[in-house]
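Take a look at the letters that make up each chain.
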Amino acid sequence: MNRPLTLASSVCGAMVVALDGTVLTVAQPTLQRDLDASFAQVQWTSTGYLVAVAALLVFAGRLGDRYGHRRTFALGMLGFGAASAGVAVAPGVGWVIGLRVVQGVFGALLQPATLGMLRTTYPPEALRRPIAARTAAIGLAAAAGPVLGGALTTEFGWRSVFLLNVVPAVVFGTLALAGGKRSRAASSPVSRPAPDMAWEPRPETERTPLDVPGALWLAVALACLVHTLVAPSGPAGALGAVATVVAGAGFVRRERRAPAPLLPPAVVGSPAVGASLALLVTVSAALNGGLFTCVYVLQDDLGLTPLRTALVGLPLAASLVAAAPVSAVLLRRAGSRSTVAGATAVLAAGLLVLAAAPGTAAFCAGFALVGAGFGTVMVAATHVVVRQSPAASAGVAGGLQQTAMNVGPVLGVASATVLVGAAGTRSPLIVLAVAAVAALPLCRALPGGPRPLAAGPPTGASASLPADVAAAVPDPLGRPVPAGPSDARHTVRAVERGSFGPSLGDDEV
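Residues numbered from 1 in each chain as written. Predicted model: local features only at pLDDT ≥ 70, side-chain atom pairs only at ≥ 80, totals over all residues. Heavy atoms only, no water.

Colleague: Teacher, can you tell me more about the overall build of the protein here?
Modeller: In terms of helices and strands, the protein carries 18 helices and zero strands. In the protein, buried positions account for 53% of the 509 residues. Taking contacts inside the protein between residues at least 6 apart in sequence as the whole, the part at least 24 apart equals 81%. Counting every atom, the protein has about 20900 Å² of accessible surface; 68% of that belongs to carbon and sulfur. (Helix = DSSP H or I, 4+ residues; strand = E, 2+ residues; numbered from the N terminus. Buried < 20%, exposed > 50% of the residue type's maximum accessible area, 1.4 Å probe, protein only. Contact = heavy atoms within 4.5 Å. Areas by Shrake-Rupley, 256 points an atom, 1.4 Å probe, with all protein chains shown as cover.)

What follows is the structure, given as structure tokens:
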């Protein structure tokens, strides 16, 4: 597939998943009444999906690295659409829960692929804009989901919200399959696409065995973790916590001994990737825990209706969408470290504003700050995870990013639930703001901004140049190009070492 179609597929896949979660939230009360289901059964329509997704994301990413991201994306989209259609005609709540688990399996296949396709289609220097577009689409879907879900459920019933995903899933799943076939047909022994751009997996990835035992250990650990966070109290919660620890220890032991571990050292050994994933968990927990808290504050303390509550929260969605393109500019000019640190501080400030907000105007301002901070961190941290990981492990990197974005919200809501009962309605907002500030030191591990070039003659000046510039490879005009993990290597038209040839500026994408 070409770049525009790859970007459109990635955006559509991300939107389908985001819409699915938000529209279902609004439709659950109607579903419960129509199917005569218990509250616990309705909860499992969401929990079953979350457990399946969290358990399989990383392994699904590895499958994409081995067999091709477009193949796994196509399979995920088509399966997700089929499962959605099945839920729409399900005769009972048991069928709904089972098909939601199936949806989670296919959702796990397509989510890492939406990032893996971008990483293997765009050169690293051009990833900011497509990742920003994908993030803006997620924000738009999150904002539109409750409105669409409410309108569809009111007019046509809860089953109609699941039909919303069927057409885009079939269209883009089919296009991904067709695009892959054309790519293979166009390849020839004389002129094959570059390894990062080809449909076929790289030969070294194709020969690497799949770490199935490691995948099973990780799946059990993540599934138990999510289940424990969703239902932390009682014997089931305690048993889930013990199972999480045991399975996690088994996974670590397996990874240390495996000849081809599920998590490649080039990915998990990167301090920048580790810090970015931790920040994604933190800010997504802060966002979702804060939203959960604010719903109760607005409705119980201030007496707002659900509709007015949704309207007060609109600035969050608007600022999240607006932050995505701004983030791409900030990444180019300031680098990941400064961008993420500033955005995390803005998110924490927004939570503190919400904690002290006396009325709806202050809530709107706080929501706008939280949305701007979260949207910027999401773009910048995702950019680091995808760019710093090798192209051959793009699927695993995407799976880890998606795992962080799935575990974070569950952790945030679980923490807010406990804190509301123990310390008051607004206490979670303060605690989550403190947690965001406490995560700021992690930003030191992220790549810095552009490095200024020293003026002077192109040769014979090494002694007067900084060490990183003196060690750099000169560009075709003799200008030194700074080495190191800067986010702005493309600002000088240097020749990149790799399969992409000359690096591209943002205006050339």
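Moving on from the coordinates now.
Colleague: How should the pattern of salt bridges be read in this particular structure?
Modeller: Pairing between side chains of opposite charge can happen when their charged atoms approach one another. Per the stated rule, a full pass over the model turns up three salt bridges. A salt bridge links aspartate 65 to arginine 62; its shortest N-O distance comes to 3.6 Å. Here the residue aspartate 65 and the residue arginine 62 both occupy positions in helix H2 (residues 39–67), the gap between them amounting to three residues, near one helical turn. This pair shows no difference in class: aspartate 65 is buried, exactly as arginine 62 is. Taking the shortest distance from any N to any O, the salt bridge between arginine 254 and aspartate 211 comes out at 2.9 Å. Of the two residues, arginine 254 sits in helix H10 (residues 234–257) while aspartate 211 sits in the loop between helix H8 (203–207) and helix H9 (212–230), which places them 43 residues apart along the sequence. Under the relative-accessibility criterion, arginine 254 is labelled partly exposed at 28%. (Salt bridge = Lys/Arg side-chain N within 4 Å of Asp/Glu carboxyl O.)

Colleague: Where do I start with the environment of valine 226 in this structure?
Modeller: Following the sequence through the fold, valine 226 ends up in helix H9. Setting aside residues no more than four positions away along its own chain, valine 226 makes contact with Leu50, Val51, Ala54 and Val410.

Colleague: What's the story with H2 in this structure? I'm lost.
Modeller: Residues lying three or four places apart along an α-helix face the same way, a consequence of the helix completing one turn every 3.6 residues. Taking 1.5 Å per residue as the helical rise, H2 with its 29 residues ought to reach 42 Å, and the 41 Å between its terminal C-alpha atoms agrees with that figure. In H2, a bend of some 50° at leucine 57 exceeds every other bend along the element. Among the residues trailing H2, glycine 68 stands out with phi positive, at a value near 110°. (Expected span 1.5 Å × (residues − 1). Bend = angle between axes of the 7 residues up to and from the residue.)

Colleague: Looking at this model, I keep getting lost on the environment of valine 379. Mind explaining?
Modeller: Its location among the elements puts valine 379 in helix H15 (residues 360–388). For valine 379, a relative accessible area of 0% puts it in the buried group. For the pair valine 379 and alanine 133, spaced 246 residues apart in sequence, the C-alpha to C-alpha distance is 9.1 Å. When neighbours within four sequence positions are excluded, valine 379 is seen to be in contact with Ile131, Ala132, Thr135, Ala324, Ser327 and Leu331.

Colleague: Just checking my understanding: could you explain the side chain of threonine 30 for this structure?
Modeller: Inspection of the secondary structure puts threonine 30 in helix H1 (residues 3–34). For threonine 30, a relative accessible area of 18% translates into the label buried. Excluding its chain neighbours within four sequence positions, the residues that come into contact with threonine 30 are Thr153 and Trp158.

Colleague: Please clarify how unusual backbone geometry should be interpreted in this entry.
Modeller: The phi angle of most residues is negative, glycine excepted, and most peptide bonds adopt the trans form. A positive phi angle, close to 50°, is found at aspartate 36, a residue other than glycine. Tracing the chain through its elements places aspartate 36 in the loop between H1 and H2.

Colleague: Just to check I follow, could you spell out the packing of aromatic side chains for this structure?
Modeller: Two descriptors summarise a pair of aromatic rings, namely the distance from one centre to the other and the angle between the planes of the rings. Here the structure, examined in full by the defined rule, presents three aromatic pairs. Seen in terms of ring centroids, tryptophan 158 and phenylalanine 162 are 6.2 Å apart; in terms of plane orientation they differ by 90°. Their pairing is edge-to-face. Comparing tryptophan 158 with phenylalanine 162, the two get one shared label, buried. Above the face of the tyrosine 49 ring, arginine 100 is positioned so that its terminal group lies 4.5 Å from the ring centre. (Phe/Tyr/Trp six-rings, centres within 6.5 Å; stacked < 30°, edge-to-face > 60°. Lys NZ or Arg CZ within 6 Å of the ring centre and 35° of its normal.)

Colleague: For this particular structure, what's the right way to read the nonpolar core?
Modeller: One recurring pattern in soluble globular proteins is that nonpolar side chains are buried together. Trp158, Leu347, Leu351, Leu354, Phe363, Phe367 and Phe374 are the most contacted members of the largest nonpolar core, which has 94 residues in total. When neighbours within four sequence positions are excluded, phenylalanine 363 is seen to be in contact with Cys294, Val297, Leu298, Leu302, Val312, Leu354, Ala357 and Arg426. In this structure, Val16, Leu57, Met77 and Phe80 belong to the second largest nonpolar core, which totals 17 residues. (Core = buried A, V, L, I, M, F, W, Y, C linked by side-chain atoms within 4.5 Å.)

Colleague: Mind showing me how you'd approach the side chain of serine 327 here?
Modeller: Within the fold, serine 327 resides in helix H14 (residues 314–356). Looking at serine 327, the relative accessible area reads 0%, which means it is buried. Among all residues touching serine 327, those that are not within four sequence positions of it are Gly375, Thr376 and Val379.

Colleague: Explanation requested: the packing of H1 against helix H5 (residues 128–156) in the structure shown.
Modeller: Packed helices, taken two at a time, are described by the angle between their axes plus the distance between the axes. Following both chains from N to C, one finds H1 and H5 inclined at 30°, their axes separated by 7 Å at the closest point. Classed by the angle they form, the pair H1 and H5 counts as roughly parallel. Relative to H5, the crossing made by H1 is right-handed. (Axes fitted to C-alpha atoms, helices over the stretch in contact; angles between N-to-C directions. Parallel < 35°, antiparallel > 145°, perpendicular 65-115°, else oblique. Left-handed = near helix turned anticlockwise from the far one by under 90°.)

Colleague: How should I be thinking about the confidence of the model for the protein in this particular structure?
Modeller: Parts of the model with low pLDDT should not have their predicted coordinates read in detail. Looking at the protein, pLDDT values average 79 and 82% of them are 70 or higher. Segment residues 182–205: pLDDT under 50, and 37 contacts once partners within four positions in sequence are set aside and those in other chains are kept. This model gives residues 453–509 a pLDDT under 50, and the stretch forms 92 contacts once residues within four places in sequence are excluded. (pLDDT = per-residue confidence, 0-100.)

Colleague: Can you help me understand the packing of H5 against H14 in this one?
Modeller: It is at 8 Å that the axes of H5 and H14 come closest, and there the two elements cross at 170°. Compared by their axis directions, H5 and H14 come out roughly antiparallel. Side by side, H5 and H14 meet where Arg128, Ala132, Thr135, Ala136, Gly139, Leu140 and Ala143 of the first sit next to Ala317, Leu320, Val321, Ala324, Pro325, Ala328, Leu331 and Arg332 of the second. Among the residues forming the contact of H5 with H14, the class breakdown is 11 nonpolar, two polar and two charged. (Nonpolar A, V, L, I, M, F, W, Y, C, P; charged D, E, K, R; others polar.)

Colleague: Looking at this structure, I do not really get a nonpolar patch on the surface. What am I missing?
Modeller: Side chains of Val167, Val171 and Leu175 sit close together on the surface and give an oily, nonpolar patch of about 230 Å² of accessible area. Mapped onto the elements of the fold, valine 167 is located in helix H7 (residues 166–186). (Patch = residues over 30% accessible without salt bridge, like charges linked within 9 Å, V, L, I, M, F, W, Y side chains within 5 Å.)

Colleague: Explanation requested: the environment of alanine 178 in the structure shown.
Modeller: When you line up the elements, alanine 178 lands in helix H7. Distance in space between the C-alpha atoms of alanine 178 and arginine 70 is 9.9 Å, their sequence separation being 108 residues.

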